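Report on the structure
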Amino acid sequence: MPAECPTNVIVRNIIEIGDIRIGGGELVVMAGPCAVETEEMLYRTAEAVRKEGAHILRGGAYKPRSSPKAFQGLGAPGLSMLRDAAKASGLAVITEVLDTRDVELVAEHADILQIGSRNMQNTALLKEVGKSQRPVMLKRGMSSTLEEWLLAAEYILDAGNPNVILCERGIRTFETATRNTLDLSAVSLIKELSGLPVVVDPSHSTGKRSLVAPMSRAAVAAGADGLIIEVHPEPDKAACDGPQSLTPAEFGKLMSQVKRIREAILTNGEGSLDA
Ligand code: PEP
Ligand code: MN
């Protein structure tokens, strides 16, 4: 390595999905229900979030539930519903894959493979999505340090997939008033350490509808490259995570707030949130 070559230069990874660029300076928003439930609710949600400016439809066809008796997701039929609803609204798709045996099928339906918090250290799954051509969003394990999170990302990168997005979704602390504790300092630090795009999940990190907008605003101010937000047309009837799901109207309000924050930072700064 030449002497003048700095060793600590972080190469910023930009992940492209059609004309969506994650990590390229624009704020990318993923929104949709916790789980794929019915075709009708999915189409309604996709259309509503697209109208408010979302880029990517989220929704779980395979759900990692704490209780085996809770709704586990619709599986393969849910994947097709998600793909069709997103296509009808002109959105891309992100959905979770839980099992190495499903990676190929999920990759056929989704633009981004989501690795959930509970699977952050499932090394077999990390290696398998590392072999996929699809970008991967790696959620932080709920009890994981930044170092463990980065090492998990390295499994995917080393398997040959350079398109990794990190997602801060809150960690477990002694605090029980919120579902998890959103670690916003991790957003800035992990960007600094890795150069990978970072998305914040204010829904699972707080577990409370009233906290989703304030934490989204804070995440954008902290330099997040994107947000992933649970939205349901009728949160009270949601099969899972209703208490943290926004209505489309609440989501619309949040979108206009975060856009204003983003613009304020870009106009008053150097045109970039990077140091
Ligand atoms: C989800 O996003 O659907 C989910 C289950 O989140 P997490 O893995 O962060 O708990
Ligand atoms: Mn959820």
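Quick notes on the rules
- Residues numbered from 1 in each chain as written.
- Chains lettered and ligands numbered in written order.
- Predicted model: local features only at pLDDT ≥ 70, side-chain atom pairs only at ≥ 80, totals over all residues.
- Heavy atoms only, no water.
- Buried < 20%, exposed > 50% of the residue type's maximum accessible area, 1.4 Å probe, protein only.
- Helix = DSSP H or I, 4+ residues; strand = E, 2+ residues; numbered from the N terminus.
- Arc of directions from axis to C-beta.
- Contact = heavy atoms within 4.5 Å.
- Polar contact = N/O pair within 3.5 Å; in protein donor to acceptor, adjacent residues only side chain to side chain.
- pLDDT = per-residue confidence, 0-100.
- Donors = N, O, S within 2.8 Å, 3.2 Å for Na, K, Ca; no water.
- Salt bridge = Lys/Arg side-chain N within 4 Å of Asp/Glu carboxyl O.
- Near = heavy atom within 4 Å.
- Areas by Shrake-Rupley, 256 points an atom, 1.4 Å probe, with all protein chains shown as cover.
- Nonpolar A, V, L, I, M, F, W, Y, C, P; charged D, E, K, R; others polar.
- Pairing = 2+ DSSP bridges.
- Right-handed = clockwise from strand over helix to strand, strands pointing away.
- Axes fitted to C-alpha atoms, helices over the stretch in contact; angles between N-to-C directions.

So, about helix 4 (residues 123-130). Those residues of helix 4 lying buried are L125, L126, V129 and G130. Each buried residue of helix 4 lies within a common arc of 140 degrees when the element is viewed along its axis, so the set occupies one face. Where helix 4 is buried, its residues contact helix 3 (103-109), strand 6 (112-115), strand 7 (136-139) and helix 5 (146-158).

Attention now moves to the environment of H204. Within the element layout of this structure, H204 appears in helix 7 (residues 202-206). Considering only alpha carbons, one finds H204 and C34, 170 residues apart in sequence, at a separation of 9.7 Å. When sequence neighbours within four positions are dropped, the list of residues in contact with H204 reads R58, K139, R169, R179, N180, E230, D241 and Q244. Among the polar contacts listed, one links the side chain of H204 to the side chain of D201, at a separation of 2.7 Å.

So, on to the confidence of the model for the protein. Scored by pLDDT, the protein has a mean of 94; 93% of the residues are at 70 or more. Scored below 50 in pLDDT, residues 1-8 shows one contact in the model against residues more than four places distant or in partner chains.

Within the protein, C34 (SG), H204 (NE2), E230 (OE) and D241 (OD) serve as the donor atoms for the manganese ion (ligand 2), at 2.0 to 2.4 Å. As a motif over one chain, the donors of the manganese ion (ligand 2) read C-x169-H-x25-E-x10-D. Taken together, the positions of E230 in strand 10 (residues 226-230) and D241 in the loop between strand 10 and helix 9 (248-268) put the pair 11 residues apart, joining distant regions of the chain.

Pairs can form between side chains of opposite charge once their charged atoms are near each other. For the structure shown, the criterion picks out 14 salt bridges. Between E16 and R21 there is a salt bridge; the shortest N-O distance is 2.8 Å. Between K131 and E128 there is a salt bridge, and its shortest N-O distance comes to 3.3 Å. A residue is classified by how much of its surface remains accessible, and K131, at 56% relative accessible area, is exposed.

This part covers unusual backbone geometry. The residue D241 is not glycine, and still its phi comes out positive at about 60 degrees. For D241, a relative accessible area of 18% translates into the label buried.

Neighbouring ligand 1 are R58, K63, P64, E96, Q114, G116, S117, R118, K139, R169 and H204. S117 is positioned such that a nitrogen or oxygen atom in its backbone is 2.8 Å from an oxygen atom of ligand 1. Look at ligand 1: alone it shows 290 Å² of surface, and the protein chains cover 97% of it. For the shell around ligand 1, the per-class residue count stands at one nonpolar, four polar and six charged.

The next subject is the side chain of D241. Reaching out from D241, the side chain makes a polar contact with the side chain of H204 at a distance of 3.1 Å. Among the polar contacts made by the side chain of D241, one reaches the side chain of Q244 at a distance of 3.2 Å. Discounting residues that sit within four places of it in the chain, D241 has contacts with C34, R179, H204 and E230.

On to the pairing of strand 3 (residues 28-32). Buried residues dominate strand 3, accounting for five of its five residues. Residues V28, M30 and G32 point to one face of strand 3 and V29 and A31 to the other, with burial holding for every one of them. Sheet topology note: the strand 3/strand 10 ladder contains five bridges and is parallel. By the bridge assignment, V28 is partnered in strand 10 with G226. Between the parallel pair strand 3 and strand 4 (residues 56-58), the chain is carried across by helix 1 (residues 39-51), and the sense of this crossover is right-handed.

So, on to the pairing of strand 10. With five of five residues buried, strand 10 is to be regarded as a mostly interior element. Neither face of strand 10 is left uncovered, since the one carrying G226, I228 and E230 and the one carrying L227 and I229 both have all their residues buried. Inspection of the sheet shows strand 9 (residues 198-200) paired to strand 10 by two bridges, in the parallel sense. When the bridges of strand 10 are listed, V200 appears paired with L227.

Right, let's get into the sheet that holds strand 6. Strand order in the closed barrel formed by eight strands is 3-4-5-6-7-8-9-10, and the pairing between neighbours is parallel. Between one strand axis and the next, the sheet turns through 25 degrees on average, direction left out of account. Bridge analysis of strand 6 against strand 7 gives three bridges, and the strand direction is parallel. Bridge pairing links L113 to V136 in strand 7. Together, strand 4 and strand 5 (92-96) form the strand contacts of helix 2 (residues 76-89), whose direction differs from that of strand 5 by roughly 155 degrees. Along the sheet, helix 6 (residues 184-194) makes contact with strand 8 (164-168) and strand 9, crossing strand 9 at roughly 170 degrees.

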